[in-house]
Amino acid sequence: MNILITGATGLIGSKLIETLFVQGHTNVRVVSRNPKKAQENSPFPIKAYHWAPSENVIDSKALDNVDIVIHLAGESVAGGRWTRKKKQEILESRVKGSNLLIRAIKDAKSTPKKLICASAIGIYGDRGEETLTTESSQGNGFLSEVCQKWEQEITKHPIEHLKTHFLRIGIVLARGGGALQKMLPPFRAGLGGPIGNGKQYMSWIHIDDLIGQIIFLIEKGGRYPVYNGVSPHPVTNHIFTKTLGKALGKPTIIPAPAFGIKAALGEMSSLLISSQKVVPSRFMEEGYPFQFPQLEKALGHLIGHEAKGEDILIRYQWCPQNIKNVFKFFSDEANLEKITPPHLNFKVIGKSSDNIQEGTLIDYRLSLYGFPLKWKTKINLFEHEKRFVDEQIKGPYSKWVHTHNFIPVDNSTIIRDEIVYKVPFGMIGKLMAGPFIKKDLETIFNYRAKTIKELFRG
């Protein structure tokens, strides 16, 4: 199955690509203003083609023999105050991009089976406590106008044999980006609180469920042209605030008055003050299995580690080698020296068993900022050609648990690294050293990714 994605470098697009590859959908294409950069920066072997909606340009080869098109491209609505120019950019990025895509599909040598187009629940406008489904009337205001024109640009150019779905997306909760990351700073500082009277409804969705809904529409068919991309349980801003504070272990007693939000953000304040109680009735009817239907579970999964003072780093990498060869390389501790930056002077100085297995203790020596350190880890879990987990017993962190996952895809392997770590000296250590440690880890794993790519080339 050949899949083409627009908006592939955004929060939703990048997560979608990751999930598609993990699930075995490896024929993925994207369009980008800078296709070379898009290919180089992706941890997966995507094919990138040029497109520039503002210039009315798209590489026609992007549509050759494509089965599914997923259209996510559009200027962020939360990227700054809504000046006249900004509003025009938001609208045109969706209308021009959709028009260009539809014309390219019409001109393609073969017609895709399906087009899944992003939209937003902003189409319903500010509706108070009214329960909104896809059958509900459309609303008023700038966002509603944008969404209506966005969808109309697709529907006014019907293409025979092309099945189209609109996915009206709510507030996407994700780790490392999106609305949640914009909310977190005041809450982390204990300065969070309800916005206005807190009675406005927030229709949210965990990013894993949103990606799951897209794949559900790809694989299961979908009977309807329009779906709501939200969880089954919208909550008021007051409940959202309390749940977020609980997940972080922080108080939520400082309200943000509506007039202050309006004064600071202008018309963009509608993103925070408007009320939309939207439900995914059609996904529920068709049996989509929600992973995170409740807000408490969703926030616990995304940020629950923060209440413990922990951080999480997750990285993916595709290797064009079978899992037998890849797992053999990574389960040999001596190879760690090859993929660790030279400035760390990383050396393995001993281990408690001939081969790595559950219970193996491994001793290392390294240097951080010129200071020599010793590190001891224990293999807590070892599943041959699947995964293993090493945990720091002695070293520079208060906690370090590294899970190495290996996922076979055709005759290649996807490596997934997840590190849960805790900076020493509690909150003071995290505030003072946390950003530097995070940057150092990113540098280490960037070097690791580059080296692995060279070692496993072809």
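Everything discussed here concerns the structure shown above.
Residues numbered from 1 in each chain as written. Predicted model: local features only at pLDDT ≥ 70, side-chain atom pairs only at ≥ 80, totals over all residues. Heavy atoms only, no water.

Chemist: Help me out: how do you make sense of the pairing of strand E21 (residues 412–422) in this one?
Modeler: Regular strands place their side chains on alternate faces of the sheet. With nine of its 11 residues buried, E21 lies for the most part within the structure. The sheet contact formed by strand E15 (residues 310–319) and E21 spans 10 bridges and is antiparallel. Bridging across to E21, Ile-312 finds its partner in Val-420. (Buried < 20%, exposed > 50% of the residue type's maximum accessible area, 1.4 Å probe, protein only. Helix = DSSP H or I, 4+ residues; strand = E, 2+ residues; numbered from the N terminus. Pairing = 2+ DSSP bridges.)

Chemist: Looking at this model, I keep getting lost on the nonpolar core. Mind explaining?
Modeler: In summary, soluble globular proteins display a tendency toward joint burial of nonpolar side chains. Ile-5, Leu-16, Ile-17, Leu-63 and Ile-70 are the most contacted members of the largest nonpolar core, which has 64 residues in total. For this core, the leading source of residues is helix H6 (residues 207–220), giving eight residues. Within the second largest apolar cluster, 28 residues are counted, among which are Ile-362, Trp-400, Ile-437 and Leu-441. (Core = buried A, V, L, I, M, F, W, Y, C linked by side-chain atoms within 4.5 Å.)

Chemist: What is the right way to read the sheet that holds strand E3 (residues 47–52) from this model?
Modeler: Strands pair in a sheet through their backbones, by hydrogen bonds, and they do so in one of two ways: parallel or antiparallel. As summarised here, the arrangement of the eight strands in space is E4-E3-E2-E1-E5-E6-E8-E12, forming an open sheet in which the pairing is mixed. At either margin of the open sheet sits one strand with a lone partner, and together these are strand E4 (57–58) and strand E12 (226–229). Alignment of strand E1 (residues 3–6) against strand E2 (residues 28–32), held across three bridges, turns out to be parallel. Counted as the bridge partner of Ile-5 is Val-30 from E2.

Chemist: Would you take a moment to explain the packing of helix H1 (residues 11–22) against H6 for this structure?
Modeler: Two numbers describe a pair of packed helices, the interaxial angle and the distance between the axes. Packing of H1 against H6 brings their axes to within 10 Å, and their N-to-C directions diverge by 65°. The interaxial crossing formed by H1 with H6 has right-handed handedness. Residues Leu-11, Ile-12, Lys-15, Leu-16, Thr-19 and Leu-20 of H1 pack against Ile-207, Asp-208, Leu-210, Ile-211, Ile-214, Ile-215 and Ile-218 of H6. Of the residues assigned to the contact of H1 with H6, the class counts are 10 nonpolar, one polar and two charged. (Axes fitted to C-alpha atoms, helices over the stretch in contact; angles between N-to-C directions. Left-handed = near helix turned anticlockwise from the far one by under 90°. Contact = heavy atoms within 4.5 Å. Nonpolar A, V, L, I, M, F, W, Y, C, P; charged D, E, K, R; others polar.)

Chemist: Even after reading the chapter, I still don't get the packing of helix H5 (residues 178–188) against helix H7 (residues 237–248), so can you show me in this structure?
Modeler: Where H5 contacts H7, the two axes come as close as 11 Å, and the packing angle between them is 70°. As the angle between them shows, H5 and H7 are arranged roughly perpendicular. Relative to H7, H5 is oriented so that their crossing is right-handed. Every residue of H7 that contacts H5 at Leu-180, Met-183, Leu-184, Phe-187 and Arg-188 is listed here: Phe-240, Thr-241, Leu-244, Gly-245 and Leu-248. Here the residues of the contact of H5 with H7 sort into seven nonpolar, two polar and one charged. (Parallel < 35°, antiparallel > 145°, perpendicular 65-115°, else oblique.)

Chemist: Would you take a moment to explain the packing of aromatic side chains for this structure?
Modeler: Centre-to-centre distance and the angle between the planes together describe a pair of aromatic rings. In the structure shown here, the tally under the stated rule is 24 aromatic pairs. On the basis of an interplanar angle of 90° and a centroid distance of 4.9 Å, the ring pair of Tyr-288 and Phe-290 is categorised as edge-to-face. Note on accessibility: Tyr-288 and Phe-290 belong to one class, buried. Among the aromatic side chains, those forming a connected cluster through ring pairs are Phe-327, Phe-329, Phe-330, Phe-382, Phe-388, Phe-406 and Phe-456. Seen from the ring of Trp-150, Arg-94 lies directly overhead, with NZ or CZ sitting 4.8 Å from the centre. Lying across the ring of Phe-292, Lys-297 places its NZ or CZ 5.7 Å from the centre. (Phe/Tyr/Trp six-rings, centres within 6.5 Å; stacked < 30°, edge-to-face > 60°. Lys NZ or Arg CZ within 6 Å of the ring centre and 35° of its normal.)

Chemist: What am I meant to see in the sheet that holds strand E18 (residues 371–383) here?
Modeler: With antiparallel pairing, the seven strands of this open sheet are ordered in space as E15-E21-E20-E19-E18-E17-E16. Each edge of the sheet is formed by a strand with only one pairing partner; in this case those strands are E15 and strand E16 (347–351). Sheet twist, expressed as the average angle between the axes of neighbouring strands with direction ignored, equals 20°. Sheet topology places strand E20 (residues 399–409) next to E21; 11 bridges connect them, and they run antiparallel. Within the sheet, the bridge partner assigned to Lys-399 lies in E21 and is Lys-422. Lying on the sheet, H1 is in contact with E15, E20 and E21; it crosses E20 at an angle near 60°. Running at roughly 10° to E15, helix H13 (residues 426–455) makes contact with E15, E20 and E21 of the sheet.

Chemist: I keep staring at the environment of Gly-170 and nothing clicks. Help me out?
Modeler: Relative to the elements of secondary structure, Gly-170 occurs in the loop between strand E8 (163–169) and strand E9 (171–174). Note on Gly-170: relative accessible area 14%, which makes it buried. Taking the C-alpha atoms as reference points, Gly-170 and Ser-203, separated by 33 residues in sequence, lie 5.5 Å from one another. Ignoring anything within four residues of it in the chain, the contact list for Gly-170 reads Ile-121, Ser-203, Gly-229 and Val-230.

The analysis is restricted to geometry; functional conclusions fall outside its scope.
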